[in-house]
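What the coordinates show
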Amino acid sequence: MPAPTAAELLGAWERSATLGPVEREDTLLRLAEPGLEPEGLPVGERDARLLELRQLLFGSQLDGIADCPRCGEPVEYALDTGALLAGRPEQSTVELMVSGERLHARLPTGADLAEAASAGDFETARALLLARCLVEDSNAPQAEVAAELAERLAKADSLADARLSLACPECGNEWTLAFEVGAWLWGELEAWAWRTLLDVHALASAYGWSEADILAMGPRRELYLELVGG
């Protein structure tokens, strides 16, 4: 996966600013891998590719802060993309036994979850997801199939629902925190974009250079910024 240029990243950020979370992620994935159809990727594989892009752009360590739900104390934590990528799905289907029936289901994709999320209630969403993911028709009770499928998916595609175990050093409370790869990456990209635009503004104002010339600079850009700041 080649690293996008600064100009390409700014363009993707600008195009995606008014889009929803899934559409933003799709834009970034297509930027990193032209020709990719991210809607058809299993959720865990989609998140794995977002993690690889994050590692390429900002490094492998992720530092965060979460407020303890009991006492409100900020708790710092650190993650490594390599450890998270260990949960990448290694298969595209799972097998389950329900009421004596042997069934097969493919791992849900982003498109599947988007379709289920558009349903008006939980029962309809569950039925939609089962209809899209189950390979065979089943006579088993839908609730039993859904429960068994959820258990199998949690093992086969743990990255799809990544959770962090945290402990508060102040009060001793322990809890789990959902880790949303796409939201994390978008937040970092947005912060980077604003910093970069401020740098462009400073150098363009000082030297009259174009945005394209400034973005194409290497380490010299930091030196010029120091001179302008000094």
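In the block above lies the structure referred to throughout.
Residues numbered from 1 in each chain as written. Predicted model: local features only at pLDDT ≥ 70, side-chain atom pairs only at ≥ 80, totals over all residues. Heavy atoms only, no water.

1. Details of the packing of aromatic side chains
Convention followed: Two aromatic rings from Phe, Tyr or Trp, using only the six-membered ring of Trp, form a pair when their centres are within 6.5 Å; if the ring planes differ by under 30 degrees the pair is stacked, by over 60 it is edge-to-face, and anything between is tilted. Note on exposure labels: buried denotes an accessible area under 20% of the residue type's maximum, exposed denotes more than 50%, and partly exposed covers the range between, all computed with a 1.4 Å probe on protein chains only.
Taken as a whole and judged by the stated rule, the model has six aromatic pairs. Aromatic pair Tyr207 and Trp209: ring centres 4.4 Å apart, planes at 15 degrees, arrangement stacked. Taking the relative accessible area as the measure of exposure, Trp209 reaches 25% and is therefore partly exposed. Assessed through its relative accessible area of 36%, Tyr207 is described here as partly exposed. Grouped by ring-pair contacts, the aromatic residues Tyr77, Phe179 and Trp184 constitute a single cluster.

2. Some points on the packing of helix H8 (residues 181-207) against helix H10 (residues 220-229)
Stated precisely, the cut-off is as follows: Lines fitted to the C-alpha atoms define the axes, with helices restricted to the stretch that makes contact. Angles between their N-to-C directions range from 0 to 180 degrees. Working definition: helices are DSSP H or I runs of at least four residues, strands are E runs of at least two. Numbering for both runs from the N terminus. Should the near helix be turned anticlockwise from the far one by less than a right angle, the crossing is termed left-handed; should it be turned clockwise, right-handed. It only takes one pair of heavy atoms within 4.5 Å for two residues to be counted as in contact. Gly is put with the polar residues, along with every residue not named as nonpolar or charged; the nonpolar set is Ala, Val, Leu, Ile, Met, Phe, Trp, Tyr, Cys and Pro, and the charged set is Asp, Glu, Lys and Arg.
At a closest axis distance of 10 Å, the pairing of H8 and H10 adopts a crossing angle of 65 degrees. As for the relative orientation of H8 and H10, their crossing is left-handed in sense. Facing H8, whose interface residues are Thr196, Asp199, Ala202, Leu203, Ala206 and Tyr207, H10 presents Arg221, Tyr224, Leu225, Leu227 and Val228. When the residues that make up the contact of H8 with H10 are grouped by side-chain class, the tally is eight nonpolar, one polar and two charged.

3. So, the nonpolar core
Across soluble globular proteins, nonpolar side chains show a tendency to be buried alongside one another. Definition in use: The set of buried Ala, Val, Leu, Ile, Met, Phe, Trp, Tyr and Cys residues whose side-chain atoms join them within 4.5 Å is what this entry labels a nonpolar core.
Within the largest apolar cluster, 40 residues are counted, with the highest numbers of intra-cluster contacts made by Leu28, Leu51, Tyr77, Leu79, Trp175, Phe179 and Leu189. Not counting residues up to four positions away in its chain, the partners in contact with Leu189 are Leu9, Trp13, Leu28 and Phe58. In terms of nonpolar packing, the next biggest core, distinct from the first, is built from 14 residues, Leu107, Ala140, Leu153 and Ala156 among them.

4. Here we look at the pattern of salt bridges
Once their charged atoms are close, side chains differing in charge can pair, the charge on each being opposite to the other. The condition is simple: Salt bridges are defined by distance alone: a side-chain nitrogen of Lys or Arg within 4 Å of a carboxyl oxygen of Asp or Glu.
The full count for this structure, using the stated rule, is 14 salt bridges. Salt-bridge contacts for Glu39 lead to Arg30; the nearest nitrogen and oxygen are separated by 2.5 Å. Residue classification places Glu39 among the partly exposed residues on the basis of a relative accessible area of 30%. Take Arg30: its relative accessible area is 34%, and that puts it in the partly exposed class. Residues joined by salt bridges that share partners form a network here, namely Glu33, Glu45, Arg49, Glu52 and Arg88.

5. Some words on the state of the cysteines
As a reminder, the rule being used: Two cysteine sulfurs form a disulfide in these notes if their separation is within 2.5 Å.
On inspection of all chains with the given rule, the structure shows zero disulfides. With no disulfide of its own, Cys71 lies closest to Cys168 among cysteine sulfurs, the gap being 3.7 Å. Look at Cys71 and you get partly exposed, because its relative accessible area is 40%.

6. Describing H8
Filter applied, for reference: Here a helix's expected span is defined as the number of its residues, less one, multiplied by 1.5 Å.
A rise of 1.5 Å per residue sets the reference length of H8, with its 27 residues, at 39 Å; its end C-alpha atoms lie 38 Å apart and thus fit the reference within 8%. Of the positions making up H8, those classed as buried are Val181, Gly182, Trp184, Leu185, Trp186, Glu188, Leu189, Trp192, Ala193, Thr196, Val200 and Leu203. Note on H8: the residue one or two positions beyond its end, Gly208, has a positive phi of about 80 degrees.

7. Here's the deal with the packing of helix H2 (residues 21-32) against helix H3 (residues 43-58)
For clarity, the cut-off: Every angle not falling under 35 degrees, over 145, or within 65 to 115 is termed oblique; those three ranges are roughly parallel, roughly antiparallel and roughly perpendicular.
Close contact between H2 and H3 brings their axes to 10 Å; oriented N to C, the two are set at 60 degrees. One finds that H2 runs oblique with respect to H3. Two packed elements cross with a definite hand, and for H2 against H3 that hand is left-handed. Counting all contacts with H2, which are made through Val22, Glu25, Asp26, Leu28, Leu29 and Ala32, the residues of H3 involved are Arg46, Arg49, Leu50 and Leu53. Residues that form the contact of H2 with H3 fall into these classes: six nonpolar, no polar and four charged.

8. Some remarks on the pairing of strand E1 (residues 61-67)
The cut-off we apply is this: Strands are treated as partners if at least two bridges between them are detected by DSSP.
Covered by surrounding structure in E1 are Leu62, Gly64 and Ala66 only, the residues Gln61, Asp63, Ile65 and Asp67 on the alternate face being uncovered. Connecting E1 to the antiparallel partner strand E2 (residues 74-80) that follows it, the hairpin turn spans six residues, and Gly72 within it adopts a positive phi of roughly 85 degrees.

9. Comments concerning helix H5 (residues 110-117)
What counts is decided by this rule: Relevant arc is that of directions from the helix axis to the C-beta atoms, nothing else.
Buried within H5 are the following residues: Gly110, Asp112 and Ala116. One side of H5 holds all its buried residues, which, seen down the axis, span an arc of 160 degrees. Against the buried residues of H5 lie H3, strand E4 (101-106) and helix H6 (122-133).

10. Some thoughts on the pairing of strand E3 (residues 93-98)
Here E3 shows one buried face, formed by Val94, Leu96 and Val98, and one open face, formed by Thr93, Glu95 and Met97. Bridge analysis of E3 against E4 gives six bridges, and the strand direction is antiparallel. For Met97, the partnering residue across the bridge sits in E4 and is Arg102. Between E3 and E4, which pair antiparallel and follow one another directly, the connecting turn spans two residues, one of which, Ser99, has a positive phi of 50 degrees.

Spatial relationships are all this shows, so hold off on functional conclusions.
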